[in-house]
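Here are the chains, one letter per residue:
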Amino acid sequence: MRNLKITMAYDGSNFLGWQQQKIGRTVEGEILKALQFMHNQPLGLHAAGRTDTGVHASGQVINFVSNLDGIPLQRYARAFNSFLPLDIRAKYVEEKPESFHARYHARERSYKYYILSSELHQPHYRFYCHRVVHKPSLTALNRLARAFVGTHDFSTFSSPSEQNPNPERTVYNASFAIEGPFLVFHVVAQSFLWRMVRSMVGSLLTFEQESISIEELKAKINAKDRTQAGPTAPATGLYLHQVRYKDEHLVY
């Protein structure tokens, strides 16, 4: 019996999010089907986080206990992928102690959000980024994003339907950079509230256009009031980028 930690990537375009449901195609559902075919029995699994409908992942982490000791670790990803649909891939496989849990042992989670500034609607990007017509100021966005770093009550930037008893989160990094044709928001925290990253992105893009100051943004954070935030950015630009565990490092 091996407790396997697997780093996964998936295209979230054709999934109703991560979590298995009675009706509809989900990432977790497809992975569980693949594991059952592979092991000839149903298995349970744990994931570092749950992504919403349309959200992608390049570094989701799962773990499960496998009794297939005949597959060498270095070949396990290839064998697993042969049972998975093409919009889900296993990237790296590691054997972990029996106690390892992909969700509860995660120290940091890293998300990226891709924005394309273009007057032209480019169809090959439509499911993988958020298009804006104006060209945001990288300097202004990074100045505002610094307000998110630190420990705050992020009620202003969570879904209004979520009633989380502990809305305080610690953000370690929040910054924008250019990657090819995209403006990319990179944010790192131990965990996030539901739709927090998308709310942060939509708000920052709005606040940059309105030229609000960092002091005004801090006041909005301290207000703990969802009406103080901007619109929630669409799911298409969001990617679960990396998950860090003990003695591992994230690339900021």
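Here is a short report on the structure shown in this document. Because the structure is predicted, anything quoted here is derived from the model rather than measured. (Residues numbered from 1 in each chain as written. Predicted model: local features only at pLDDT ≥ 70, side-chain atom pairs only at ≥ 80, totals over all residues. Heavy atoms only, no water.)

1. Points about the overall build of the protein chain
Using the following cut-off: Only DSSP runs of H or I covering at least 4 residues are called helices, and only runs of E covering at least 2 are called strands; the numbering of each starts at the N terminus. Computation of the radius of gyration draws on C-alpha atoms alone. For the globule rule, the value is 2.2 Å times the number of residues to the power 0.38. Three exposure classes are used, based on accessible area relative to the maximum for each residue type with a 1.4 Å probe and protein chains only: buried under 20%, partly exposed in between, and exposed over 50%. We call two residues in contact whenever any of their non-hydrogen atoms come within 4.5 Å of each other. For the area figures, the Shrake-Rupley method with a 1.4 Å probe applies, and any residue is considered shielded solely by the protein chains shown. When charges are counted, Lys and Arg contribute as positive and Asp and Glu as negative, whereas His and the chain ends are disregarded. To locate a charge, take NZ of a lysine, CZ of an arginine, CG of an aspartate or CD of a glutamate.
When its secondary structure is counted, the protein chain shows five helices and ten strands. Taken over C-alpha atoms, the radius of gyration comes to 19 Å for the protein chain, in line with the 18 Å a tight globule of 252 residues would show. Dimensions of the protein chain, computed from C-alpha atoms along their principal axes, come out at roughly 60 × 40 × 35 Å. The buried share of the protein chain, reckoned over its 252 residues, is 52%. Counting only contacts in the protein chain whose residues sit at least 6 apart along the sequence, the fraction spanning at least 24 positions is 71%. Of the accessible surface of the protein chain, which amounts to about 12,800 Å², a share of 49% is contributed by carbon and sulfur atoms. When the 29 basic and 22 acidic side-chain charges of the protein chain are each reduced to a single mean position, those positions are 3 Å apart.

2. Comments concerning the nonpolar core
Basically, it comes down to this: We define a nonpolar core as any set of buried Ala, Val, Leu, Ile, Met, Phe, Trp, Tyr and Cys residues linked to one another through side-chain atoms lying within 4.5 Å.
The biggest cluster of nonpolar side chains holds 69 residues, and the ones touching the most others in it are Ile 6, Ile 31, Ile 62, Phe 64, Phe 80, Phe 185 and Leu 217. Setting aside anything within four residues of it in sequence, one finds Leu 217 in contact with Leu 144, Ala 147, Phe 148, Phe 157, Leu 204, Phe 207 and Ile 212. With six residues, the next largest nonpolar core counts Leu 116, Cys 129, Phe 182 and Tyr 239 among its residues.

3. Looking at the side chain of His 130
By the element assignment, His 130 lies in strand β6 (residues 130-132). His 130 gets classed as buried once you look at its relative accessible area, which sits at 18%. Those residues within four positions of His 130 in sequence are excluded, and the remaining contacts are Tyr 113, Tyr 114, Ile 115, Leu 116, Leu 205, Pro 234 and Gly 237.

4. So, the packing of aromatic side chains
Filter applied, for reference: The aromatic pairing rule takes the rings of Phe, Tyr and Trp, using the six-membered ring of Trp, and pairs them if the centres are within 6.5 Å, calling planes under 30 degrees apart stacked, those over 60 edge-to-face and the rest tilted. Only when the NZ atom of a Lys or the CZ atom of an Arg is both within 6 Å of the ring centre and within 35 degrees of the ring normal do we say a charge sits over the ring.
Applying the stated criterion across every chain yields a total of twelve aromatic pairs. Pairing Tyr 114 with Phe 182 gives two aromatic rings, centres 5.6 Å apart and planes at 85°, and the pair type is edge-to-face. Of this pair, Tyr 114 sits in strand β5 (residues 108-117) while Phe 182 sits in strand β9 (residues 182-189), and the two are 68 residues apart along the sequence. As far as burial versus exposure is concerned, Tyr 114 and Phe 182 are alike and both buried. Where Phe 127 meets Tyr 128, the ring centres are 6.4 Å apart and the plane angle is 90°; that geometry is what we call edge-to-face. Its relative accessible area of 29% is what places Tyr 128 among the partly exposed residues. Here the aromatic cluster, defined as three or more aromatic residues joined through ring pairs, consists of Tyr 114, Tyr 125, Phe 182 and Tyr 239. Positioned over the ring face of Phe 100 is Lys 96, at 6.0 Å from the centre of the ring.

5. Some thoughts on the pattern of salt bridges
Stated precisely, the cut-off is as follows: Salt bridge, as used here, is a side-chain nitrogen of Lys or Arg placed within 4 Å of a carboxyl oxygen of Asp or Glu.
What the rule picks out here adds up to nine salt bridges. For Glu 94, the salt bridge goes to Lys 96, with nearest N and O atoms at 3.8 Å. Assessed through its relative accessible area of 25%, Lys 96 is described here as partly exposed. One network of salt bridges, in which partners are shared, links Arg 25, Glu 30, Lys 33 and Asp 87.

6. So, the environment of Phe 127
Assignment of secondary structure puts Phe 127 in the loop between β5 and β6. Judged by its relative accessible area of 36%, Phe 127 is partly exposed. Counting along the chain gives 115 residues from Phe 127 to Gly 12, while the straight-line C-alpha distance between them is 8.7 Å.

7. Here we look at the pairing of strand β8 (residues 168-179)
Put simply, the rule reads: One requirement defines pairing of two strands: DSSP has to find at least two bridges between them.
In this structure, strand β7 (residues 150-153) lies alongside β8, joined through four bridges in antiparallel fashion. Following the sheet pairing, Gly 150 is matched in β8 by Val 171. Judged from the eight bridges that link them, β8 and β9 form a sheet pairing that is antiparallel. Its bridge partner being in β9, Ala 174 is matched across the sheet by Val 187. Where β8 hands over to β9, the hairpin turn is made up of two residues, of which Gly 180 adopts a positive phi near 60°.

8. Focus: the side chain of Glu 30
Considering the arrangement of structural elements, one finds Glu 30 in helix α1 (residues 27-39). For Glu 30, the contacting residues outside a window of four places in its chain are Phe 15, Arg 25, Leu 84, Pro 85 and Ile 88.

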